[in-house]
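Observations on the three-dimensional arrangement
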Amino acid sequence: GNSVTQMEGPVTLSEEAFLTINCTYTATGYPSLFWYVQYPGEGLQLLLKATKADDKGSNKGFEATYRKETTSFHLEKGSVQVSDSAVYFCALILTGGGNKLTFGTGTQLKVEL
Amino acid sequence: DAGVTQSPTHLIKTRGQHVTLRCSPISGHKSVSWYQQVLGQGPQFIFQYYEKEERGRGNFPDRFSARQFPNYSSELNVNALLLGDSALYLCASSLVGRDHEQFFGPGTRLTVL
């Protein structure tokens, strides 16, 4: 079946530190990959996506590269801010597989001054 | 433009009761999906509907059902509630054929006592 594995949190960083959140996937077909962010008390917001191998998704200073050879889609940001504190979810959807997103368990990020 | 809206925001039920959750998609979006997010976990796919028909179903018991109305809004029904049904229920909408661009509502927090 399809699955997404994320590094466990919480991840605690100082403001302006470099962020990496690891994500690897298993898929029976050819997936598109996503990072969603969930702020406290809110729903999910799409942060970035990549639909084919070697694509780089980017948004708000975050970026992730679709690596087919390592089945990975690690999230990175060069300098985090306190406002980036949230839970981050890696997800996949299979091409032609309908609307079903498969999510990882989420990684909580805490950024301190 | 209004995003995906869900109601109610919170509700508390007791075991064995029935609950109905409601979702209004973004204007023009005809596809609606439902997800269950248990505390500390990633969302799990429950259903997808478009054109008032079920197009996908996750691994949930028959106690869970849904429907879509002519205006593309949707209801999720859960019968014979169990403690384990306590979760955040998320609705997502998208244009048909644009599964890579799902927009999530803020969710309904269901607590079963």
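This text follows the structure it describes.
Summarised in this report is the structure supplied together with it. (Residues numbered from 1 in each chain as written. Chains lettered and ligands numbered in written order. Predicted model: local features only at pLDDT ≥ 70, side-chain atom pairs only at ≥ 80, totals over all residues. Heavy atoms only, no water.)

Side note on the sheet that holds strand β7 (residues 56–59) of chain A
All names here are of chain A. Spatially, β3-β9-β8-β7 is the arrangement adopted by the four strands of the open sheet, whose pairing is antiparallel. In this open sheet, the two edge strands, each paired with only one partner strand, are β3 (19–21) and β7. With direction set aside, neighbouring strand axes in the sheet form an average angle of 15°. (Pairing = 2+ DSSP bridges. Helix = DSSP H or I, 4+ residues; strand = E, 2+ residues; numbered from the N terminus. Axes fitted to C-alpha atoms, helices over the stretch in contact; angles between N-to-C directions.)

Concerning the packing of aromatic side chains
Taken as a whole, this structure holds 13 aromatic pairs over all chains when the rule is applied. An angle of 70° between the planes, with centres 5.7 Å apart, marks the rings of Y35 of chain B and F45 of chain B as edge-to-face. Of this pair, Y35 of chain B sits in strand β4 (residues 31–37) while F45 of chain B sits in strand β5 (residues 44–50), and the two are ten residues apart along the sequence. Under the relative-accessibility criterion, Y35 of chain B is labelled buried at 0%. A connected cluster of aromatic rings, assembled from ring pairs, spans F34, Y36, F89 and F103 of chain A together with Y35, F45 and F104 of chain B. In this arrangement the basic side chain of R55 of chain B is found over the ring face of Y50 of chain B, its NZ or CZ atom lying 4.2 Å from the centre. (Phe/Tyr/Trp six-rings, centres within 6.5 Å; stacked < 30°, edge-to-face > 60°. Buried < 20%, exposed > 50% of the residue type's maximum accessible area, 1.4 Å probe, protein only. Lys NZ or Arg CZ within 6 Å of the ring centre and 35° of its normal.)

So, the sheet that holds strand β1 (residues 5–7) of chain B
Residues and elements named next belong to chain B. Taken together, the four strands give an open sheet; going across it, the order is β1-β3-β8-β7, and neighbouring strands pair in antiparallel fashion. Either end of the sheet is taken by a strand with one partner, and the two such strands are β1 and β7 (64–68). On average, adjacent strands in this sheet sit at an angle of 20° to one another, irrespective of strand direction. Pairing of β1 with strand β3 (residues 19–24), which is carried by three bridges, proceeds in the antiparallel orientation.

Thoughts on the interface of chain A and chain B
With 19 residues of chain A at the interface, the matching set in chain B holds 20 residues. Buried area between chain A and chain B, summed over both chains or domains, comes out near 1,500 Å², and the portion from carbon and sulfur atoms is 52%. Per-residue buried area on chain A facing chain B is highest for L44, N99 and F103 of chain A; these three make up 36% of the total on that side. Between K49 of chain A and E101 of chain B there is a salt bridge, with the nearest N and O atoms lying 3.3 Å from each other. Where chain A meets chain B, there are three residue pairs in polar contact (both at pLDDT 80 or more). Of all the elements in the fold, those that place two or more residues in the side of chain A that touches chain B are β5 (31–38), β6 (44–50) and β10 (86–94) of chain A. Along the lines of polarity and charge, the residues of the side of chain A that touches chain B split into eight nonpolar, eight polar and three charged. (Contact = heavy atoms within 4.5 Å. Buried area = accessible area lost by both parts, 1.4 Å probe. Salt bridge = Lys/Arg side-chain N within 4 Å of Asp/Glu carboxyl O. Polar contact = N/O pair within 3.5 Å; in protein donor to acceptor, adjacent residues only side chain to side chain. Nonpolar A, V, L, I, M, F, W, Y, C, P; charged D, E, K, R; others polar.)

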